[in-house]
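Coordinates in review
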Amino acid sequence: VLEERLYYDPAGVMSLYQDNGYLFSNVTPVEVLVENDSIDIEMRIFEGRPARINKVTLTGNNRTNDHVILREIRTKPGSLYKRSEVQRTIRELAQLGYFDPEKLDVDFNPDPVEGTVDLDYIVEEKPSDQIELSGGWGAGMIVGTLGLSFNNFSLKNIFNPKAYRPLPSGDGQRLSIRAQASGLWYQSYSFMFVEPWFGG
């Protein structure tokens, strides 16, 4: 229980230190006296100097452009290291839907001499596009629906033939096309384009 509260608990001692920049801190419990049914424990704390973030890099994004990921990252170079900001970044990258949440990770490269830490966010792309094909019978006619959704679309590369795989992707935009018809009696078409960071 003591080790859990010291080292692993999200609201424990080490979490509080690391959330205030003390990445190099260390807490060592020492039993200084054992007498009858009582134990005296002394907490020996080494704080070290607060760590600042030196570099933030990305690994594994072969399809998604760097700027789409970097705008979701809370840990900026030059800022004080905060453990909660690293955890929040991992959660927000998972919510994008472009990466496998189980493979999301961060690699730390601390430099205690300089008081800095390099962070490398490791991602693994996963398919996020969708296709919808359905049919039904009603009012004496067959109604068919076809829909396509591209969840990591890139509008700026639409005239770049090399970017088609099968459509240009990587800018975090969403393109949806949907058609519903029952021959000449009824037809419905819809088109949707979403830019989540319009204007930057």
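On a predicted model such as this, the values are computed, not experimentally measured, just so you know. (Residues numbered from 1 in each chain as written. Predicted model: local features only at pLDDT ≥ 70, side-chain atom pairs only at ≥ 80, totals over all residues. Heavy atoms only, no water.)

Turning our eyes to something else, we now look at the confidence of the model for the protein. Of the residues in the protein, 100% have a pLDDT of 70 or more, and the chain-wide mean is 91. Within the protein, strand β6 (residues 130-138) has the poorest average pLDDT of any element, 86, and strand β5 (residues 116-122) the best, 96. (pLDDT = per-residue confidence, 0-100. Helix = DSSP H or I, 4+ residues; strand = E, 2+ residues; numbered from the N terminus.)

Further remarks concern the side chain of T64. Tracing the sequence through the fold places T64 in the loop between β3 (52-59) and α3 (66-70). With near-sequence residues (within four places) excluded, T64 lies in contact with I69, Y98, F99, E125, N152 and G170. (Contact = heavy atoms within 4.5 Å.)

To continue, consider a nonpolar patch on the surface. The grouping of I131, L133, L146, L148, L155, I177, F191 and F193 at the surface amounts to a nonpolar patch, some 800 Å² of accessible area in total. Elements that contribute at least two residues to the nonpolar patch include exactly β6, β7 (141-153) and β9 (187-194). As for its position among the elements, L148 is in strand β7. (Patch = residues over 30% accessible without salt bridge, like charges linked within 9 Å, V, L, I, M, F, W, Y side chains within 5 Å. Areas by Shrake-Rupley, 256 points an atom, 1.4 Å probe, with all protein chains shown as cover. Salt bridge = Lys/Arg side-chain N within 4 Å of Asp/Glu carboxyl O.)

So, about the side chain of Q18. With respect to the element layout, Q18 can be found in helix α2 (residues 13-18). Owing to a relative accessible area of 15%, Q18 belongs among the buried residues under this scheme. Discounting residues that sit within four places of it in the chain, Q18 has contacts with L23, Y81, K82 and R83. (Buried < 20%, exposed > 50% of the residue type's maximum accessible area, 1.4 Å probe, protein only.)

Moving on, we come to the sheet that holds strand β4 (residues 105-111). One open sheet accounts for three strands, arranged β3-β5-β4; its pairing is mixed. In the strand order of this sheet, the two ends are held by β3 and β4, each with one partner. Along the sheet, successive strands turn relative to each other by an average axial angle of 20 degrees, direction set aside. Here β3 runs beside β5; their pairing, made up of six bridges, is parallel. In the strand pairing of β5, T57 is matched with D120. Strands β4 and β5 of the sheet are contacted by helix α4 (residues 83-95), whose axis makes an angle of about 15 degrees with β5. (Pairing = 2+ DSSP bridges. Axes fitted to C-alpha atoms, helices over the stretch in contact; angles between N-to-C directions.)

On to the packing of aromatic side chains, then. As enumerated under the stated definition, the model contains five aromatic pairs in all. Plain terms: the ring middles of Y7 and Y8 are 6.2 Å apart, the flat faces sit at 65 degrees to each other, and that makes the pair edge-to-face. (Phe/Tyr/Trp six-rings, centres within 6.5 Å; stacked < 30°, edge-to-face > 60°.)

Tracing the backbone shows D118 in strand β5. As for D118 and I53, which are separated by 65 residues in sequence, their C-alpha atoms are 6.1 Å apart. Leaving out residues up to four positions away in the same chain, D118 has contacts with N54, K55, D107, F108 and N109. Within the structure, the side chain of D118 is placed 3.1 Å from the side chain of N54, a separation counted as a polar contact. (Polar contact = N/O pair within 3.5 Å; in protein donor to acceptor, adjacent residues only side chain to side chain.)

With respect to topology, four strands assemble into an open sheet ordered β6-β7-β8-β9, the strand pairing being antiparallel. On the outer flanks of this sheet lie β6 and β9, each paired with one strand and no other. Each neighbouring strand pair of the sheet contributes to a mean axis angle of 10 degrees, computed without reference to strand direction. Relative to strand β8 (residues 173-181), β7 runs antiparallel, the two sharing eight bridges. In the sheet register, S149 faces β8, and the bridge partner there is S176.

What follows covers the environment of T57. Residue placement: T57 occurs in strand β3. In the structure, T57 is positioned 33 residues away from F24 in sequence and 21 Å away in space, judged by C-alpha atoms. In contact with T57, other than residues within four places in its own chain, are L119, D120 and Y121.

Every α-helix carries 3.6 residues per turn, so stepping three or four residues along brings you back to the same face. In a regular helix each residue adds 1.5 Å, so 13 residues correspond to 18 Å; α4 covers 19 Å between its end C-alpha atoms and thus fits that length. Among the residues of α4, R83, V86, T89, E92 and L93 are the ones counted as buried. Those residues of α4 hidden inside the fold are in contact with α1 (2-8), α2, α3, β4 and β5. Positive backbone phi, approximately 85 degrees, marks G97, located one or two places after α4. (Expected span 1.5 Å × (residues − 1).)

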